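Residue-level structure breakdown
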Amino acid sequence: MPDDGYIFSFCPACGRRVRSAKADNPFRCPACGFTIYRNVAAAVCAIVVRKQKLLAAVRKHDPAAGMLDLPGGFVDPGESAEQALARELKEELGLEISDCRYFATCPNEYPCRGLVYRTLDLAFTCTVKGTDNIACADDVVDIRWIDLGRMDPAWFGLESIRYFVTRFAAMMAGK
Ligand SMILES: [Zn+2]
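Thresholds, definitions, all that
Residues numbered from 1 in each chain as written. Predicted model: local features only at pLDDT ≥ 70, side-chain atom pairs only at ≥ 80, totals over all residues. Heavy atoms only, no water. Helix = DSSP H or I, 4+ residues; strand = E, 2+ residues; numbered from the N terminus. Expected span 1.5 Å × (residues − 1). Contact = heavy atoms within 4.5 Å. Donors = N, O, S within 2.8 Å, 3.2 Å for Na, K, Ca; no water. Tetrahedral: all angles 85-135°; square planar, octahedral: opposite > 155°, others 65-115°. Buried < 20%, exposed > 50% of the residue type's maximum accessible area, 1.4 Å probe, protein only. Domains from an automatic or database assignment.

1. Some remarks on helix H1 (residues 81–93)
Between its first and last C-alpha, H1 extends 18 Å over 13 residues, near the 18 Å set by a 1.5 Å rise per residue. Close packing links the buried residues of H1 with strand E3 (41–50), strand E4 (53–59), strand E6 (72–74), strand E7 (96–112), strand E8 (115–129) and strand E9 (140–147). The positive-phi residue at the C-terminal boundary of H1 is Gly-94, with phi of around 70°.

Below is the structure:
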């Protein structure tokens, strides 16, 4: 379903045809009163630096397939952000996180298979072990170590990630 501004064509509870505008939050079915809040989805990403270079993942899938990303993903129900980050780095790169510190957050919109997920992206700086033996899997096809001094944020495919890397590079440069 394209993001045409309507989320539901039918009420998920009673099946009545409805017109649910994107701005309607919560969605409330006029027929049965079923109500659903469109909360944001939480997503996490890792800022990993080794010898002044930033670890970037090459995205396998759209949106922004082939472009750079920070490793990470959606937080599963019941997980903390730190647990989600540890799981995603293990799944995508085979890496173990040994430290995890809050850096910044940024709202984002993430189109996936016809739906647009509104997210709150949470960035953490991390220390990892074994960066010589990174094994790309899942939705990562390759990695790059990016020289922070020569980095162009436009290499990164998602707006929130461009914000994080821009801010982090500025911080590292003492700006
Ligand atoms: Zn209903």
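The structure having been displayed, the exposition proceeds.
2. Let's talk about the coordination of the zinc ion
Distances from the zinc ion to its protein donors, Cys-11 (SG), Cys-14 (SG), Cys-29 (SG) and Cys-32 (SG), fall at 2.3 to 2.4 Å. In this structure, the zinc ion is coordinated by 4 donor atoms arranged in tetrahedral fashion, with angles at the metal of 101 to 113°. Taken in sequence order, the residues that donate to the zinc ion follow the motif C-x2-C-x14-C-x2-C. Taken as a pair, Cys-14 in the segment before strand E1 (27–28) and Cys-29 in the loop between E1 and strand E2 (35–36) lie far apart in primary sequence, 15 residues in all. For Cys-14, a relative accessible area of 38% corresponds to the partly exposed category. The exposure class assigned to Cys-29 is buried, which follows from its relative accessible area of 2%.

3. A few points about the domain arrangement of the protein chain
If you check the domain split of the protein chain, you get domain 1 (1–38) and domain 2 (41–172). Centre-to-centre, using C-alpha coordinates, domain 1 lies 32 Å away from domain 2.

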